[in-house]
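Residue-level structural notes
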Amino acid sequence: MKNFRVRRIHIVCLAIATAEILIAAFVLWKNAIWNETQIQTANKQSVLSETQEETTSDIQENEKTATQNQEETKPVEEAVASMPSMRVKLKNSDNTSFEHAKVIITCPDTFHIQSGTKEQIFTGGQTVTITPEHPFFQEGSIRVASEGGFVIIDSILRRGISHEYEGVLDLYLSEQGIVIVNELPLEDYVSKVVPSEMPVSYGLEAAKLQAVCARTYAYERILHQKTIDNYGSFADDSVDYQVYNSAGYQEISAQGAKLTSGVIMTRDGAPIVPYYFSTSCGYTSDNLAWSGNQTLPYLKSLNLTGEPDRDMTDEATVSAFLQDQNAAGLESNMAWYRWRCEIPLDVMQELFLKRLPALSASQSECIKAEGESLEKIIGSTLTSVQVTGRFAGGMASGLKLKYEKGSVLVTGELVMRKLLSEPNRTYQNKLEETVSLSEGNYLPSAFFCLIPVMNQDKMTGYVICGGGNGHGIGLSQNCAYQLLEQGKTWQEIHFDSLPCYCIKCNPLIKIAMTTPLVEMDGD
């Protein structure tokens, strides 16, 4: 009995000791959690403080308006892990292919080539040539990274010279060669798009405007994971998406990107798709010209002529407007406001015979044969070509190619431009200059009309009379430049052309600015 009491006392003491230990552990745990919370709160306040310092002028301007419109607007705060990375697939020097026979890399700093468990380190100044036979490809893809943050690709020339590429390069072996994907921070990407898309001579305000467009376009694709291949690329470096790194580093462009760092355009709480192009014909079209059955509120057709609206869906009206070399417009002094070229009918036939099968294979929904097979139809004699209709703003909606053995209907803005163009074609533009325009091998725009060329009673070809340069949807860069020259700010131009809102997207926190762009301070 005595032993039993002793054992019970021991058990009670052990239970008390255990309870004391548990209580002490709980107190320590609670204090640790409290301290960690305090640290996180302090860090968050520090981040917010830094954000506020970076955007002081924007926030001061917006606090007053946000208070006045508290019921009408809903600020959005969304934590993001880090500034997004952009992945860009690089074309070869003549922009005809993504497959490279070899990749020649150099760098002033130490750089590394890695694949799986293998790695090679090269000192600054060395040049390395990577071919499809490189043994590292046996491990998978190859990554090239520099300790200085950029490498130079000597095997890709843009405007005749090689350029620096920020971030890293991922090289993939394909059946035709090597595919190059450049992964880099979003802001570095933007700074290389701006001088490639907007002339440096247009100034700082134009660079800011272009930076916001370029950043929004890229961020929207990253956010929604709009990849274009199996390599995780969100865009390539050509006019098919945004021209990237064709002009190298330009100080004024870098300033424009830096002064708008993180700023993107939104509508209804989401990034817009901010399409832009070089020059209008006096009107822009809407997104129905591409797809969909409902116009987006920020991609509406605009009249930029300063004159009363015309019916730009009427063929005779559009034809007369595009043939008028003295037509009014904010961009009427720009070279590509009006352009023309003449194409003989037999040249058209050869061009269609070459282009249509490839276009039908890649975009079958845009090429429809009527009467016979496409092969039989285009093998017969071409008799005429006509525009079948117009979208808002006067853009051609389709072409009908008439042959002896049937007809071919062609739709799609870019498809029509590809079909009617050829390398090194010369165009007579608004300034009466003979200009060779072969970038991308597209017709300057889809705002065109076809004027028959007659030899006695026989039609021998067409004069293509057109206006503008680019797809013609969204923001006209040269129109923006004209408005900037008149004293408008980049915010006013964005709001007038693409009605939307602006947010500041920082590395650690994204804060929605609920004030329209027209009321924001862009610096």
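Position numbers for residues count from 1 along each chain, tracking the sequence in the order it is written. With the structure being a predicted model, the display of local features is reserved for residues of pLDDT at least 70 and the display and counting of side-chain atom pairs for 80 or more, all residues being used for whole-chain, interface and lining totals. Water and hydrogen atoms play no part in the side-chain values, which are based on all heavy atoms of the structure.

Notes on the overall build of the protein
Let me state the cut-off plainly: The secondary structure listing takes helices from DSSP runs of H or I that are at least 4 residues long and strands from runs of E that are at least 2 residues long, numbered from the N terminus. Throughout, exposure labels follow a simple rule: accessible area from a 1.4 Å probe, protein chains only, divided by the maximum for the residue type, with under 20% read as buried, over 50% as exposed, and the rest as partly exposed. The contact rule is simple, with two residues in contact once any of their heavy atoms fall within 4.5 Å. We get accessible surface area from the Shrake-Rupley algorithm with a probe of 1.4 Å; when it comes to residues, only the shown protein chains can shield them.
Secondary structure assignment for the protein yields 11 helices and 25 strands. Counting over 523 residues, the protein shows a buried share of 48%. Long-range pairs, those at least 24 residues apart, make up 67% of the contacts in the protein with a sequence separation of at least 6. Element-wise, carbon and sulfur atoms account for 51% of the exposed surface of the protein, whose accessible area totals about 25300 Å².

Side note on the packing of helix α4 (residues 204–223) against helix α5 (residues 251–259)
Quick reminder of the rule: In this analysis an axis means a line fitted to C-alpha atoms, helices contributing only their contacting stretch, and an angle means the value between N-to-C directions, from 0 to 180 degrees. Roughly parallel here means an angle under 35 degrees, roughly antiparallel means over 145, roughly perpendicular means 65 to 115, and every remaining angle is called oblique. Handedness of a crossing follows from how the near helix is turned relative to the far one, being left-handed for an anticlockwise turn of less than a right angle and right-handed for a clockwise one. When residues are sorted by character, Ala, Val, Leu, Ile, Met, Phe, Trp, Tyr, Cys and Pro go into the nonpolar class, Asp, Glu, Lys and Arg into the charged class, and all the rest, Gly among them, into the polar class.
Relative orientation of the contacting elements α4 and α5 amounts to 60°, with a least axis distance of 8 Å. With respect to each other, α4 and α5 are oriented oblique. Judged by the sense of rotation from one axis to the other, the crossing of α4 with α5 is right-handed. Along its contact with α4, which presents Leu204, Ala207, Lys208, Ala211 and Arg215, the element α5 presents Ile252, Ser253, Gln255, Gly256, Ala257 and Leu259. A per-class count over the contact of α4 with α5 returns six nonpolar, three polar and two charged.

Section: the environment of Met265
For Met265, the position within the fold is in strand β11 (residues 263–267). With a relative accessible area of 0%, Met265 lands in the buried category. The sequence separation of Met265 and Arg215 amounts to 50 residues, and the corresponding C-alpha distance is 8.8 Å.

Section: the environment of Leu173
Within the secondary structure, Leu173 sits in strand β8 (residues 164–173). Contacts of Leu173, omitting those with residues within four sequence positions, involve Pro132 and Phe137.

Overview of the pairing of strand β7 (residues 142–153)
As a reminder of what qualifies: Think of it this way: DSSP has to see at least two bridges between two strands before they count as a pair.
Taken together, the two bridges between strand β3 (residues 103–106) and β7 define a ladder with antiparallel strand orientation. By the bridge assignment, Ile105 is partnered in β7 with Ile153. Relative to β7, strand β4 (residues 111–115) runs antiparallel, the two sharing four bridges. Within β7, the position partnered with His112 by the bridge is Ala145. The sheet contact formed by β7 and β8 spans seven bridges and is antiparallel. Its bridge partner lying in β8, Ile152 is registered against Glu164.

Side note on the state of the cysteines
To keep things clear, this is the line we draw: The disulfide criterion is simple: two cysteine sulfur atoms within 2.5 Å.
A full pass over the atoms with the stated rule returns zero disulfides. Left unpaired, Cys465 is separated from the closest cysteine sulfur, that of Cys449, by 4.8 Å. Exposure remark for Cys465: the relative accessible area of 1% places this residue in the buried category.

A few points about helix α3 (residues 186–197)
Stated formally: Expected helix span is given by 1.5 Å per residue-to-residue step, counting one fewer step than there are residues.
In this model, α3 (12 residues) spans 16 Å end to end at C-alpha, consistent with the 16 Å of a helix rising 1.5 Å per residue. Burial analysis of α3 places 11 of its 12 residues in the buried class, which makes it a mostly covered element. Turning to α3, its buried residues number three or more, namely Leu186, Glu187, Tyr189, Val190, Ser191, Lys192, Val193, Val194, Pro195, Ser196 and Glu197.

What to know about the packing of aromatic side chains
Quick reminder of the rule: Any two of the Phe, Tyr and Trp rings considered here, Trp counted by its six-membered ring, make a pair once their centres fall within 6.5 Å; the pair's planes then place it as stacked at under 30 degrees, edge-to-face at over 60, or tilted in between. We call a charge positioned over a ring when the NZ of a Lys or the CZ of an Arg lies within 6 Å of the ring centre and within 35 degrees of the ring normal.
Taken as a whole and judged by the stated rule, the model has 10 aromatic pairs. Their ring planes at 70° and their centres at 6.2 Å tell us that Tyr165 and Tyr244 sit as a pair that is edge-to-face. One end of the pair, Tyr165, is in strand β8; the other, Tyr244, is in the loop between β10 (235–236) and α5, and 79 residues separate them in sequence. Taken as a pair, Tyr165 and Tyr244 share a single burial class, namely buried. Among the aromatic side chains, those forming a connected cluster through ring pairs are Tyr165, Tyr189 and Tyr244. The positively charged end of Arg338 is found above the aromatic ring belonging to Phe321, 4.6 Å away from the centroid.

Let's talk about helix α6 (residues 315–323)
Our working definition: Arc, as used here, means the arc of the directions from the helix axis to the C-beta atoms.
Val318, Ser319, Phe321 and Leu322 are the residues of α6 that are buried. Burial along α6 is one-sided: seen end-on, the buried residues are contained in an arc of 165°. Where α6 is buried, its residues meet β16 (382–390), β21 (448–455) and β22 (458–466).

Topic: the pairing of β4
Of all the five residues making up β4, four are buried; the element is thus mostly covered by neighbouring parts of the structure. Note that β4 and strand β5 (residues 118–122) share five bridges and pair antiparallel. Within β5, the residue paired with Ile113 across the bridge is Gln120. Here β4 folds back onto β5 in antiparallel fashion, the turn holding two residues, of which Gly116 has a positive phi close to 60°.

Quick notes on the sheet that holds strand β18 (residues 406–411)
Spatial strand order, β15-β18-β17-β16: four strands in an open sheet with antiparallel pairing. Two strands lie at the open edges of the sheet, namely β15 (367–370) and β16, each paired on one side alone. Sheet twist, expressed as the mean angle between neighbouring strand axes with direction ignored, is 20°. Here β16 runs beside strand β17 (residues 396–403); their pairing, made up of seven bridges, is antiparallel. Across the sheet, Val387 pairs through a bridge with Leu399, a residue of β17.

Concerning the packing of α3 against α4
Where α3 contacts α4, the axes come no closer than 9 Å and their chain directions differ by 130°. Accordingly, the angle class assigned to the pair α3 and α4 is oblique. The handedness of the crossing between α3 and α4 is right-handed. Residue-level inspection shows Leu186, Glu187, Tyr189, Val190, Val193, Val194 and Glu197 of α3 in contact with α4, the latter providing Ala207, Gln210, Ala211, Ala214, Arg215, Ala218, Tyr219 and Ile222. Classifying every residue of the contact of α3 with α4 gives 11 nonpolar, one polar and three charged.

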